[in-house]
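# Notes for the structure review
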Amino acid sequence: MDLDATFSHITVPKLDNGAFLLAHIVGWQELELIPGPTNVYFGGEYVGVSEIDTRNVSDTLSLSFGRDNKVTVMRKLKKEMSFKKVIGGSKKESYLYEIVVRNNRNVPIKIDIYDQVPISNSNDITVTIDELSGAKHDLLTGEANWQSVIQPGEVKSVEIGYTVKYPKDANITLQRFKTVSCPSF
């Protein structure tokens, strides 16, 4: 069955330096689809298996087309802008990350870039946001989201930076994630 769809990409470079292609299908209710796995083809090539969930009450059905290798993503710590220091009875750690997305496709892409600022559950630990490059920020979860359209061959760069201040005798762990092969959304 051939279906009309709009496409977008999503990336969470803190977890995986890949961009994932999503198809959004409107009017899927008339297709009498049943829930279950489906074989997905894109550009005449087999992409893999996705899952159709018809219990979704939304008017738009989203299908994952997997990793799009023509969109490259990199998240790196800008060491020259990041530091650790002791001031009186406190320690301060500052981090600045740059996220770079390159569109190697021959058409513009719409992409959602997600990252996160740490959240403190203690009054002794404070987190200050230093840079968000215009991201939408959720104060409760720390989630930062950039929505962007990237032209063919264009490179988009955003930054996320924060400072954590805590008592020097406290041991804190700022979670560091390793790259995973395929995150689930």
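Since the model is a prediction, treat every value here as computed from it, not as a measurement.

## Here's the deal with the pattern of salt bridges
On inspection of all chains with the given rule, the structure shows five salt bridges. The partner of Arg67 in a salt bridge is Asp16, with the nearest N and O atoms 3.0 Å apart. With Arg67 in strand β5 (residues 60-77) and Asp16 in the loop between β1 (6-11) and β2 (18-26), the pair connects residues that are 51 residues apart, well separated along the chain. What makes Arg67 partly exposed here is its relative accessible area of 35%.

## Observations regarding the packing of aromatic side chains
The way to describe two aromatic rings as a pair is by their centre distance and the angle between their planes. Inspection of every chain in the model, using the stated rule, returns three aromatic pairs. For the ring pair Tyr95 and Tyr97, a centre distance of 6.5 Å and an interplane angle of 10 degrees mean the geometry is stacked. Of the residues examined, Tyr95 reaches a relative accessible area of 6% and is grouped as buried. Among the aromatic residues, those joined into a ring-pair cluster are Tyr95, Tyr97 and Tyr162. Lying over the aromatic face of Tyr97, Arg75 brings its terminal NZ or CZ to 3.8 Å of the ring centre.

## With respect to the environment of Asp16
A relative accessible area of 2% places Asp16 in the buried class. Note: C-alpha distance between Asp16 and Glu51 (35 residues apart in sequence) is 21 Å. Within the structure, the side chain of Asp16 is placed 2.7 Å from the backbone nitrogen of Gly18, a separation counted as a polar contact. Looking at Asp16, its side chain comes within polar contact range of the side chain of Arg67, at 3.0 Å.

## A short note on unusual backbone geometry
For Ser133, which is not glycine, the phi dihedral falls at a positive 45 degrees. Within the secondary structure, Ser133 is located in the loop between β9 (126-131) and β10 (136-137). Judged by relative accessible area, which is 31%, Ser133 ranks as partly exposed.

## Observations concerning the confidence of the model for the chain
Taken as a whole, the chain shows an average pLDDT of 87; of its residues, 92% reach a score of 70 or greater. Across residues 178-185 the pLDDT falls below 50, and counting only partners more than four positions away or on other chains, this stretch makes 17 contacts in the model.

## As for a nonpolar patch on the surface
A cluster of nonpolar side chains, namely Phe7, Phe42 and Val47, defines an oily patch on the protein surface of about 230 Å² accessible area. The residue Val47 is located in strand β4 (residues 45-52) in this model. Val47 gets classed as partly exposed once you look at its relative accessible area, which sits at 37%.

## Details of the pairing of β1
Relative to β2, β1 is paired through five bridges, and the arrangement is antiparallel. The residue bridging Thr6 from the neighbouring strand is His24, located in β2. Taking the residues between adjacent antiparallel strands as the criterion, β1 and β2 are bridged by six residues. Bridge analysis of β1 against strand β8 (residues 109-116) gives three bridges, and the strand direction is parallel. Bridge pairing in β8 links His9 to Ile111.

Criteria and thresholds
- Note on numbering: residues in each chain are counted from 1, in written sequence order.
- The model is predicted, so local features are restricted to residues of pLDDT at least 70 and side-chain atom pairs to those at 80 or more, both for listing and for counting; the totals for chains, interfaces and linings are taken over all residues.
- Excluding hydrogens and water, the side-chain values take into account all heavy atoms of the structure.
- For salt bridges, the criterion is a side-chain nitrogen of Lys or Arg within 4 Å of an Asp or Glu carboxyl oxygen.
- A run of DSSP states H or I qualifies as a helix once it reaches four residues; a run of E qualifies as a strand once it reaches two. Both are numbered from the N-terminal end.
- Burial classes follow relative accessibility: with a 1.4 Å probe on protein chains only, a residue under 20% of its type's maximum area counts as buried, one over 50% as exposed, and anything between as partly exposed.
- Think of it this way: a Phe, Tyr or Trp ring, Trp meaning its six-membered ring, pairs with another when their centres are within 6.5 Å, and the plane angle makes it stacked under 30 degrees, edge-to-face over 60, tilted otherwise.
- Placement of a positive charge over a ring is assigned whenever Lys NZ or Arg CZ falls within 6 Å of the ring centre and within 35 degrees of the normal to the ring plane.
- Pairs of N or O atoms within 3.5 Å make up the polar contacts considered here, provided that, within protein, one atom can donate a hydrogen while the other can accept it, and that residues adjacent in sequence are counted only when both atoms are side-chain atoms.
- On a range of 0 to 100, pLDDT expresses the predictor's confidence in each residue.
- We call two residues contacting when some pair of their heavy atoms lies within 4.5 Å.
- Residues enter patches when they are more than 30% accessible in relative terms and free of salt bridges; like-charged ones are connected within 9 Å and nonpolar ones (Val, Leu, Ile, Met, Phe, Trp, Tyr) within 5 Å.
- Note on areas: these come from Shrake-Rupley sampling with a 1.4 Å probe, and a residue is covered only by the protein chains present in the view.
- Being paired, for any two strands, means DSSP has found at least two bridges between them.

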